[in-house]
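The primary structure of each chain is shown beneath.
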Amino acid sequence: DTAVSQTPKYLVTQMGNDKSIKCEQNLGHDTMYWYKQDSKKFLKIMFSYNNKELIINETVPNRFSPKSPDKAHLNLHINSLELGDSAVYFCASSQDGTSIVETQYFGPGTRLLVL
Amino acid sequence: DQQVKQNSPSLSVQEGRISILNCDYTNSMFDYFLWYKKYPAEGPTFLISISSIKDKNEDGRFTVFLNKSAKHLSLHIVPSQPGDSAVYFCAASDPSGTYKYIFGTGTRLKVLA
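Read on for an overview of the structure. (Residues numbered from 1 in each chain as written. Chains lettered and ligands numbered in written order. Predicted model: local features only at pLDDT ≥ 70, side-chain atom pairs only at ≥ 80, totals over all residues. Heavy atoms only, no water.)

### Section: the overall build of chain B
Logical step 1: A count of helical and extended segments in chain B gives 0 helices and 11 strands.
Logical step 2: Its helices and strands in sequence order give chain B the pattern β-β-β-β-β-β-β-β-β-β-β, from N to C terminus.
Logical step 3: Taken over the C-alpha trace, chain B has a radius of gyration of 13 Å; the compact-globule value for 113 residues is 13 Å, and the two agree within 12%.
Logical step 4: C-alpha extents for chain B along the principal axes are approximately 45 × 30 × 20 Å.
Logical step 5: Scored against the burial criterion, the 113 residues of chain B give a buried share of 46%.
Logical step 6: In chain B, the proportion of contacts linking residues at least 24 apart, taken out of those at least 6 apart, comes to 53%.
Logical step 7: Working note: accessible area of chain B is about 5300 Å², and carbon and sulfur atoms make up 48% of it.
Logical step 8: Taken as two groups, the 12 positive and 10 negative side-chain charges of chain B have centres that lie 4 Å from each other. (Helix = DSSP H or I, 4+ residues; strand = E, 2+ residues; numbered from the N terminus. Rg over C-alpha atoms; globule rule 2.2 N^0.38 Å. Buried < 20%, exposed > 50% of the residue type's maximum accessible area, 1.4 Å probe, protein only. Contact = heavy atoms within 4.5 Å. Areas by Shrake-Rupley, 256 points an atom, 1.4 Å probe, with all protein chains shown as cover. Lys, Arg positive; Asp, Glu negative; His and termini not counted. Charge placed at Lys NZ, Arg CZ, Asp CG, Glu CD.)

### A short note on the interface of chain A and chain B
Logical step 1: The interface is formed by 23 residues belonging to chain A together with 20 residues belonging to chain B.
Logical step 2: With both chains or domains summed, chain A and chain B bury close to 1800 Å², and 62% of this area falls on carbon and sulfur atoms.
Logical step 3: The partner of Lys100 of chain B in a salt bridge is Glu58 of chain A, and the shortest N-O contact between them spans 2.9 Å.
Logical step 4: For the pair chain A and chain B, the interface holds 3 residue pairs in polar contact (both at pLDDT 80 or more).
Logical step 5: When residues of the side of chain A that touches chain B are traced back to their parent elements, those giving at least two are strand E4 (31–37) and strand E5 (43–50) of chain A.
Logical step 6: Here the residues of the side of chain A that touches chain B are counted per class, giving 10 nonpolar, 7 polar and 6 charged. (Buried area = accessible area lost by both parts, 1.4 Å probe. Salt bridge = Lys/Arg side-chain N within 4 Å of Asp/Glu carboxyl O. Polar contact = N/O pair within 3.5 Å; in protein donor to acceptor, adjacent residues only side chain to side chain. Nonpolar A, V, L, I, M, F, W, Y, C, P; charged D, E, K, R; others polar.)

### Points about the side chain of Gln104 of chain A
Logical step 1: If you trace the backbone, Gln104 of chain A turns up in the loop between strand E9 (87–94) and strand E10 (105–106).
Logical step 2: Here Tyr35 of chain A takes part through its side chain, which lies 2.7 Å from a polar atom of the side chain of Gln104 of chain A.
Logical step 3: Discounting residues that sit within four places of it in the chain, Gln104 of chain A has contacts with Tyr33, Tyr35, Ala92, Ser93 and Ser94 of chain A together with Tyr36, Tyr99 and Tyr101 of chain B.

### Re unusual backbone geometry
Logical step 1: Cis geometry marks the peptide bond from Thr7 of chain A to Pro8 of chain A, where omega comes out at -5°.
Logical step 2: Backbone torsion omega between Val78 of chain B and Pro79 of chain B reads -10°, so that peptide bond is classified as cis.
Logical step 3: Relative to the assigned elements, Pro79 of chain B resides in the loop between strand E8 (72–77) and strand E9 (86–93).
Logical step 4: Phi is positive for Lys52 of chain A, which is not a glycine, with a value near 75°.
Logical step 5: Within the chain, Ala41 of chain B stands out as a residue other than glycine whose phi angle is a positive 65°.
Logical step 6: Along the polypeptide, Ala41 of chain B turns up in the loop between strand E4 (32–38) and strand E5 (45–51).

Rendered as structure tokens:
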């Protein structure tokens, strides 16, 4: 049973399109995250949600909009895709996001290529 | 303003020898650190962590050392095995209240059989 799953695994699309990446966790965790790993391999937090509420919103363009229909799901919608959005996007979850010693569990990543 | 740095992008070690992966940080407020391991086409998986109240934490073949005065931590793997070949990320947990992770850029370890 996959703990944190993401779909799709690969996404190739044209500039200007709108796309969504879905994430689901079956760990019963309250907090979910989106990270972006760019071409330089920097793995940076984008958003986090605790029990469907936005907790962290780093300096991310408005074209990125996370949506959490329930605490087991955190989807990422990207409008008007740009070349610079090409990256690997990782979803993660943790127990409740309120403790410094929590472990985050990562999904396998979604490789997005914008042409 | 990279707060967590892994200055060695890659490291090759002979099987059975010790692998030492290094990580430096700039923010003296960081007090919890983690190492994650990542295989190709997979997400990072948690390996080991250390709190700033300790200077060493051991789990089987993996030991993390923390030198707070030098703002430096290292991961020792002994003995190294071919299955340890992966990218290793150092991370610090942001103490400002969000508990987000701040990652280094990773070190690719190759263990040669």
